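Structural characterization, general
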Amino acid sequence: MKRMIEELRQSESIYMPVPARIAEIRQLTELESLFVVELPHDVTLHHVPGQFVQVSLLGVGEAPISISSSPSRSNGIFELCVRRVGDVTGAMHRLKAGNMVGIRGPFGRGFPVQQFRGKDILFVAGGLGMAPLRSLINEVLDERGNYGRVIILYGARSPDDLLFREELGEWSEREDVELHLTVDCPDSRWEHCVGVITTLFAEVEVFPRNTAAVVVGPPIMYKFVIRELEKIHIPKGNIWLSFERRMKCGVGKCGHCQLNHLYTCQSGPSFAYSEVEGLQEAFS
Amino acid sequence: MPKGVLSDWVERLQRHYRVVGPVEKHGQYVFEELTSTDDLCLVYHPTVLPPKKYIVPPRETLVNYRLDGTHIAANINVKPTVILGMHTCDIHGVKLLDKIFDTGFDDQHYQARREQTYLVSIECLDTCTDDSFCRDMGTASATDGQDLHFIDLGEAYAINVVTRKGERLLEGFHHAFDALPSDMNRINRILSEKWARFAYRLDFDIYLLPELLEKSYNSDLWNELGEICLACGMCTQVCPTCYCFDVTDEADLALENGKRVRRWDSCQIHQFAMVAGGHNFRERLAARQRHRFMRKGKYQMDAIGMVGCVGCGRCASSCLVNITPINVLNELYARDMARKGVELMDREVLA
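Quick notes on the rules
- Residues numbered from 1 in each chain as written.
- Chains lettered and ligands numbered in written order.
- Predicted model: local features only at pLDDT ≥ 70, side-chain atom pairs only at ≥ 80, totals over all residues.
- Helix = DSSP H or I, 4+ residues; strand = E, 2+ residues; numbered from the N terminus.
- Rg over C-alpha atoms; globule rule 2.2 N^0.38 Å.
- Buried ≥ 20, exposed ≤ 12 C-beta atoms within 10 Å, placed from the backbone.
- Contact = placed C-beta atoms within 7 Å.
- Nonpolar A, V, L, I, M, F, W, Y, C, P; charged D, E, K, R; others polar.
- Domains from an automatic or database assignment.
- Pairing = 2+ DSSP bridges.
- Axes fitted to C-alpha atoms, helices over the stretch in contact; angles between N-to-C directions.

Describing the overall build of chain A
Broken down by element type, chain A carries 8 helices and 17 strands. Relative to its length of 284 residues, chain A is compact, with a C-alpha radius of gyration of 18 Å against a globular reference of 19 Å. Here the C-alpha coordinates of chain A stretch approximately 50 × 45 × 35 Å along the principal axes. The buried share among the 284 residues of chain A stands at 49%. Considering only contacts within chain A whose residues lie at least 6 apart along the sequence, 72% involve residues at least 24 apart.

Section: the interface of chain A and chain B
Interfaces are often described in size by the accessible area the parts lose on coming together. Taken together, the contact pairs 32 residues of chain A with 37 residues of chain B. For the side of chain A that touches chain B, the leading source of residues is strand β6 (residues 61–66) of chain A, giving 3 residues. Of the residues contributing to the side of chain A that touches chain B, the split by class is 13 nonpolar, 11 polar and 8 charged.

Regarding the domain arrangement of chain A
All names here are of chain A. Domains assigned within chain A are domain 1 (2–106) and domain 2 (113–283). Counting residues per element, the ones that place at least two in the side of domain 1 that touches domain 2 are β5 (52–57), β6, β7 (77–83) and β8 (100–107). For the side of domain 1 that touches domain 2, the per-class residue count stands at 9 nonpolar, 9 polar and 5 charged.

Observations concerning the environment of W264 of chain B
Residue and element names in this part refer to chain B. By secondary structure assignment, the location of W264 is in strand β10 (residues 257–264). Take W264: there are 21 C-beta atoms within 10 Å of it, and that puts it in the buried class. C-alpha separation for the pair W264 and V247, spaced 17 residues apart in sequence, amounts to 9.0 Å. Sequence-distant contacts of W264, defined by excluding residues within four places in its chain, comprise P58, Q237 and F245.

What to know about the sheet that holds β6 of chain A
Residue and element names in this part refer to chain A. What the 6 strands build is an open sheet, ordered β6-β5-β8-β2-β3-β7; its pairing is antiparallel. The strands lining the two open edges of the sheet, one partner per strand, are β6 and β7. Here the strands of the sheet are splayed against their neighbours by 40 degrees on average, with no regard to which way each runs. Of the strand pairs in this sheet, strand β3 (residues 32–38) and β7 are connected by 7 bridges, and their pairing is antiparallel. Bridge pairing in β7 places V37 opposite F78.

Considerations on unusual backbone geometry
Residue and element names in this part refer to chain A. In this chain, G105 is followed by P106 through a cis amide linkage whose omega measures -5 degrees. Summarising the element assignment, P106 is placed in strand β8. The step from G268 to P269 runs through a cis peptide bond, and the omega angle for that step is 10 degrees. Tracing the sequence through the fold places P269 in the loop between α7 (264–267) and β17 (270–272).

Here's the deal with the sheet that holds strand β1 (residues 18–25) of chain B
Residues and elements named next belong to chain B. Strand order in this open sheet of 6 strands is β2-β1-β5-β6-β7-β8, and the pairing throughout is mixed. Each edge of the open sheet is held by one strand with a lone partner, namely β2 (28–33) and β8 (157–161). Each neighbouring strand pair of the sheet contributes to a mean axis angle of 25 degrees, computed without reference to strand direction. Relative to β8, strand β7 (residues 148–152) is paired through 5 bridges, and the arrangement is antiparallel.

Topic: the domain arrangement of chain B
All names here are of chain B. Examined at the domain level, chain B breaks down into domain 1 (3–62 + 76–197) and domain 2 (206–241 + 268–350). Placing a centre on the C-alpha atoms of domain 1 and another on those of domain 2 gives a separation of 28 Å. Every contact between the two is made by 22 residues of domain 1 and, on the other side, 18 residues of domain 2. Secondary-structure elements contributing two or more residues to the side of domain 1 that touches domain 2 are α2 (88–102) and α4 (134–137).

Quick look at the structure:
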């Protein structure tokens, strides 16, 4: 089996997408669907949680999408959780199972899974931030013995906006997972917390000495969550974030994803807070 | 090479290569394919666009495909090209591009074109415009990067053969002669005398630039520039070291074939850092101007060890509201000095 990134490097052009088949599409919410993607049989994605791929649709364009499935469950396929929001993602939502897309990647730096070993892991997901985090969560759950506590804080706009509800159900039943949910706009059946994601911090107690926090959400969320994490004394090097940016090439050339001096597509999209703390454009 | 045989040489080249060079057009200079060697203008002030356009074209097809997906192929299709009469600042610009497109992931489209492009530079013996500051940037000469280097000796050109590629351009041409020791003395004298004609235009030495920019990150000057900048993106379009690009898909009218095209983009325009959801990560004009200067003067220095500005002055000449690197950098320096409590009066006395 050939690694996808090697296939790409050795191809005639780094901008040539590899054709892949949409094996299945599962609608998750009104705006988000999960795309199960199948690569050619001799190629494996071989990704790290937190990395992304460039998805292309001929005639429409390319868009960077984070990988939602864990390497532990790849088995020839991988999954992308995509919100219908732009040209490419809009066109993706009109696809049917069996249609083809182009894939380049995986690109960027993922989360340092090795570094998390033995630690309690505090996942903080806001909205679509659950898309890349699910990759890491499932990777951790599939190697559950390598980690301490698994704490998941997840906030969405409404109960209907929660992603991966089936898996949320499974996680909530596991004794070795602490799942805390909140929504801004509850419905009549909602039994969990109401309010922004930071309200969930009152529900958990963590041991800062041995906790890694992994935070992914909309731009506005980071500074508020980081404030909470600093209050409970999690070291800056143990706070990991993932940034969305405009990306056209994925290979550190086109310039769109630059955040101060860093190319998000190369140095990120996963960053330790200690790496980006002083950078104004990280939290713009 | 006696000047009289230059056109013979160019015509010889034209048999094998597309030959481009600076020509005069509407009172300005542009790099253009030479139809007649008479058009070639080797004494000129900076062209509207740098010769970068032959290596990183304004618009380039990366991939051709059929919309139904039955065919898809990379498009790498290169015309062997000789660029004549490049100023050394532009040579330094290409050196930076080489570094960018060879670092990390190879960009095969760039590399293929670059391999088939021959750079012939000419020594500038005088300054060109008030906007240029090549003396400060160390780009008023170039020891490498070009394949051949010309020096105007009056009745002849001295040619320095810098690379094997350059050698190839002279192969079989018998009207150029090896330089004699007396020629070498003359060349050295001409080169040595030129420096007096090149003034420093920055008030500080360039090695201080990355540090100055770092200290000036929160300067009010960026807001002042943001107030007047029109976000037209001209400064980046004419820059020999700007390479940011956008990639878009285009379909033909019959909806049968399509292509993926890259074209020059600009960090100065509004949507450059905007994502699909509408969030703009560099919304403010001040932040965009700051990014441009930080990137040229600090980020690239840190990342690849090269300053991202070659001092050609094109951005200054083309700016509609007169934002010029000389003024911006000197102003940052002055404010930094003032902050340090050094009186401006003292600086003038010292100067």
